[in-house]
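# Residue-level structure breakdown
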Amino acid sequence: MATQATVSALVDGELGHLVPRETLSPPDGFLADERLPRLADEIIAREDEFRHLRYEGAVGVWWKQQGGSTGGRCNMGKCQKTSGLVAHLSGVTFAIWIAADHCGNLLLSRAQLEALLYHELCHAALDENGKPMIVGHEFAGFVQEIERHGLWNDDLTAAGQVFVQASLPLER
């Protein structure tokens, strides 16, 4: 299990959610905090698309002290299928980490944190034989590409239709 650490929290008063801000430096960089897995459990219980994750030990969720970046973009979180020793020691099939530093710096609202957890849970799936697998993103693209060429492929067309219909406002 992840190293326990004392956390002080950045509190979004209106929504009452907590994001670790300053911590003791755990040797592995991960922070165990029961509130984050509880939020993931609420999402799994509420959203029917995650019914395959409704068993003990399906998903473990931890704060990662520093999310880092790739290609100049913040790594906000990651879902990984566990195996071998990691699966044995963690007791979970899928391990999700959420970047405490980026969530705190961006002052994510509870709705945004929930959307981030939802996104990571979308990666956790079972194949046709019931074996755990990680699902990749359904679309990839650049704003500049869409501005110049429009919704030029099936993935972008499907995503574009959803973007028109729904949005998650940036609540601060």
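Residues numbered from 1 in each chain as written. Predicted model: local features only at pLDDT ≥ 70, side-chain atom pairs only at ≥ 80, totals over all residues. Heavy atoms only, no water.

Turning to unusual backbone geometry, a few remarks are in order. Positive phi, close to 50 degrees, is recorded for leucine 107, a residue that is not glycine. Looking at where leucine 107 falls in the secondary structure, it is placed in the loop between α3 (100–105) and α4 (110–122). (Helix = DSSP H or I, 4+ residues; strand = E, 2+ residues; numbered from the N terminus.)

Under the counting rule described, the total for this entry stands at zero disulfides. Cysteine 79 takes part in no disulfide bond, and the closest cysteine sulfur, belonging to cysteine 122, lies 9.8 Å away. Since its relative accessible area comes to 7%, cysteine 79 is described here as buried. No disulfide involves cysteine 103; its nearest neighbouring cysteine sulfur is the one of cysteine 74, lying 9.7 Å away. Residue classification places cysteine 103 among the buried residues on the basis of a relative accessible area of 1%. (Disulfide = S-S within 2.5 Å. Buried < 20%, exposed > 50% of the residue type's maximum accessible area, 1.4 Å probe, protein only.)

With that settled, the discussion passes to the sheet that holds strand β8 (residues 94–99). Ordered by their spatial adjacency, four strands build an open sheet running β3-β4-β8-β7, and the pairing between neighbours is mixed. With one partner strand each, in any of the chains shown, β3 (30–31) and β7 (77–81) form the two edges of the open sheet. Pairing of β7 with β8 involves five bridges; the strand directions are antiparallel. Within β8, the position partnered with cysteine 79 by the bridge is isoleucine 96. Of the strands in this sheet, β4 (59–64) and β8 are in contact with helix α1 (residues 35–46), which crosses β4 at around 140 degrees. Relative to β8, α4 is tilted by about 145 degrees, and along the sheet it contacts β4, β7 and β8. (Pairing = 2+ DSSP bridges. Contact = heavy atoms within 4.5 Å. Axes fitted to C-alpha atoms, helices over the stretch in contact; angles between N-to-C directions.)

Taking 1.5 Å per residue, twelve residues should reach 16 Å; helix α6 (residues 154–165) reaches 17 Å between its end C-alpha atoms and fits that length. Among all positions in α6, only Leu156, Ala159 and Gly160 are buried. The arc enclosing the buried residues of α6, seen along the axis, measures out at 105 degrees, which places them on a common side. Along α6, the residues that are exposed and aim more than 90 degrees away from the buried face are Asp154, Val162 and Gln165. Those residues of α6 that are buried are in contact with α5 (143–149). (Expected span 1.5 Å × (residues − 1). Arc of directions from axis to C-beta.)

When you line up the elements, histidine 102 lands in helix α3. Accessibility expressed as a relative area gives 11% for histidine 102, which makes it buried. Side-chain polar atoms of histidine 102 contact the backbone oxygen of glycine 68, separated by 2.8 Å. Sequence-distant contacts of histidine 102, defined by excluding residues within four places in its chain, comprise Gly67, Gly68, Cys74, Asn75 and Met76. (Polar contact = N/O pair within 3.5 Å; in protein donor to acceptor, adjacent residues only side chain to side chain.)

A few words now on the packing of α1 against α4. Between two packed helices, what matters for the description is the angle formed by their axes and the separation of those axes. For the pair α1 and α4, the least separation of the axes is 10 Å and the interaxial angle reads 70 degrees. One element, α1, and the other, α4, form an angle in the roughly perpendicular class. Read as a crossing pair, α1 and α4 show a hand that is right-handed. Two secondary-structure elements touch here, α1 through Leu36, Leu39, Ala40, Glu42, Ile43, Ile44 and Arg46 and α4 through Arg110, Leu113, Glu114, Leu117, Tyr118 and Leu121. When the residues that make up the contact of α1 with α4 are grouped by side-chain class, the tally is nine nonpolar, no polar and four charged. (Parallel < 35°, antiparallel > 145°, perpendicular 65-115°, else oblique. Left-handed = near helix turned anticlockwise from the far one by under 90°. Nonpolar A, V, L, I, M, F, W, Y, C, P; charged D, E, K, R; others polar.)

Moving on, we come to the layout of surface pockets. If a probe as big as a water molecule is rolled over the atoms, it shows which places are left empty. Of the pockets and cavities examined, the largest pocket occupies roughly 1800 Å³. In this structure, the largest pocket is lined by 41 residues; those nearest its centre are Ala115, His119, His137, Phe139 and Phe163. Taken together, the elements giving at least two residues each to the lining of the largest pocket come down to β6 (73–74), α4, α5 and α6. In terms of residue class, the lining of the largest pocket is built from 24 nonpolar, 13 polar and four charged. (1 Å grid on protein atoms, 1.4 Å probe; cavity = no way out; pocket = protein on both sides within 12 Å on 5 of 7 lines; lining within 4 Å. Points joined across faces, edges and corners; volume = space filled by probe spheres on them.)

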